[in-house]
Amino acid sequence: MPAFSYVVIDAQGRTRRGIVEAETARQARSGLRNAGLVPVELAAADPESGAGGPRRLTEPRVARLLLPLVGADPNRPDAVSLVGRYALGVTWQDRHGSIYPFTMLRAACPCGACPPAGEAWPTEIRREPSALRVQWHDDHASAIPYVELRGRCPCAQCATTRRGTDA
Ligand SMILES: [Zn+2]
Ligand SMILES: [Zn+2]
């Protein structure tokens, strides 16, 4: 059976990654959803990929929680991927996962001259050393610093932390 490497967000808001076996990516995705997990990233597991790549495991549907990396920078993305059709998922080096609807990404544009965000469709998303570069359908380009992006993580956990700081 084909194997897929995945990154998911569990009910506690933690990012987990692992390998799931399924006939199709669609099946793998629904399997993860049924387990109460939100898939952020799913890719055919490539046994050839090197050390950092997904490892092929034999046990199916086992979410493996990795320990935080030593020296992991919470403001550096480990993986960036599309989530559905309307959002971008970022897994940070500290294994936290954030999901940003495109309209939210556009609202985070630091240019100061953005027209009020209506529709927001990225045509290109590129990782730069310290910022996420987004090219939009209206030819506007945003370079959103990762620190800023992480600070805007909309997950419940981060929102609570932010409220605590503001108080
Ligand atoms: Zn802008
Ligand atoms: Zn968060």
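Scroll up for the structure.
Residues numbered from 1 in each chain as written. Chains lettered and ligands numbered in written order. Predicted model: local features only at pLDDT ≥ 70, side-chain atom pairs only at ≥ 80, totals over all residues.

Student: Any chance you could explain the overall build of the chain here in plain terms?
Tutor: Per the secondary structure count, the chain includes four helices and ten strands. Within the chain, buried positions represent 25% of all 167 residues. In the chain, of all internal contacts separated by at least 6 residues, the share reaching a separation of at least 24 is 47%. (Helix = DSSP H or I, 4+ residues; strand = E, 2+ residues; numbered from the N terminus. Buried ≥ 20, exposed ≤ 12 C-beta atoms within 10 Å, placed from the backbone. Contact = placed C-beta atoms within 7 Å.)

Student: When you look at the nonpolar core in this model, what are you seeing that I'm missing?
Tutor: Looking at soluble globular proteins, one finds that nonpolar side chains tend to be buried together. By size, the foremost hydrophobic cluster in this structure holds 14 residues, and its most contacted members are Phe 4, Tyr 6, Val 8, Ile 19, Val 20, Ala 28 and Leu 32. Of all the secondary structure elements, the ones that give two or more residues to this core are strand 1 (3-9), strand 2 (15-21) and helix 1 (25-34). Apart from residues lying up to four places away in sequence, Tyr 6 is in contact with Arg 17, Gly 18, Val 20, Ala 28, Leu 32, Pro 39, Glu 41 and Leu 42. Judged by nonpolar contacts, the second largest core, of 13 residues, contains Leu 88, Phe 102, Val 134 and Leu 149. (Core = buried A, V, L, I, M, F, W, Y, C linked by C-beta atoms within 7 Å.)

Student: Is there a simple way to think about the sheet that holds strand 10 (residues 141-145) in this case?
Tutor: Hydrogen bonding along the main chain pairs the strands of a sheet, whether they run parallel or antiparallel. The three strands are arranged 8-9-10 in an open sheet whose pairing can be described as antiparallel. Looking at the sheet topology across the chains shown, the edges are occupied by strand 8 (122-127) and strand 10. Strand-to-strand twist in this sheet, taken as the mean axis angle between neighbours without regard to direction, amounts to 20°. Where strand 9 (residues 131-136) meets strand 10, five bridges bridge the pair, whose relative direction is antiparallel. Each bridged residue has a counterpart across the sheet, and for Leu 132 the counterpart in strand 10 is Ile 144. (Pairing = 2+ DSSP bridges. Axes fitted to C-alpha atoms, helices over the stretch in contact; angles between N-to-C directions.)

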